Amino acid sequence: QVQLVESGGGLVQAGGSLRLSCAASGRTFSRYTMGWFRQAPGKEREFVAAITWSGGSAYYADSVKGRFAISRDNAKDTAYLQMNSLKPEDTAVYYCAADRTWGDSYYVGASYDYWGQGTQVTVSS
């Protein structure tokens, strides 16, 4: 199996930036679609961003377009989520996920095979 461990979360003021990392171990995820999801208190899990195995295509939720950027370094088996211009509504537990295939359901959490434990991001107003 692939194990995913997120890091980089924390407390930041509105307008600030954070970079989340997702380190993979076990089987390589070089060909895996990687995604980021988040879950705010009392709310459903929400798609944030996804990137293909080559890094050639990336997709974003409308709520984060222009502010967040997903990337990956396959040589390091690590995916990233750069978060800029953070807003209080970005406060959530952020989860990294890996999918063995690519398809039109990249925004659906159930499509992913492996999940990290999550990292808390709190944005103060």
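Everything quoted here is computed from the prediction, not taken from an experiment. (Residues numbered from 1 in each chain as written. Predicted model: local features only at pLDDT ≥ 70, side-chain atom pairs only at ≥ 80, totals over all residues. Heavy atoms only, no water.)

Student: I keep staring at the packing of aromatic side chains and nothing clicks. Help me out?
Tutor: Ring pairs (aromatic) are described by centroid distance and by the angle formed between their planes. The tally for this structure, following the rule as stated, stands at eight aromatic pairs. The rings of F37, F47, Y59, Y106, Y107, Y112 and W115 are connected pair by pair, giving a single aromatic cluster. Here the guanidinium or amino end of R45 rests over the ring plane of F37, the centre of that ring lying 6.0 Å away. (Phe/Tyr/Trp six-rings, centres within 6.5 Å; stacked < 30°, edge-to-face > 60°. Lys NZ or Arg CZ within 6 Å of the ring centre and 35° of its normal.)

Student: Just checking my understanding: could you explain the state of the cysteines for this structure?
Tutor: Disulfide: a covalent bond formed between the sulfur atoms of two cysteine residues. One pass over the full model with this rule turns up one disulfide. Here C22 connects covalently by a disulfide to C96, the sulfurs 2.0 Å from one another. Negative torsions about the S-S bond denote left-handed disulfides, and the value of about -80° found for C22 with C96 makes this one left-handed. Here C22, found in strand β3 (residues 18-26), pairs with C96, found in strand β9 (residues 92-99); they are 74 residues apart in sequence, far enough to count as distant. You'll find C22 and C96 in the same group, each marked buried. (Disulfide = S-S within 2.5 Å. Helix = DSSP H or I, 4+ residues; strand = E, 2+ residues; numbered from the N terminus. Buried < 20%, exposed > 50% of the residue type's maximum accessible area, 1.4 Å probe, protein only.)

Treat this as a map of the structure, not an account of what it does.
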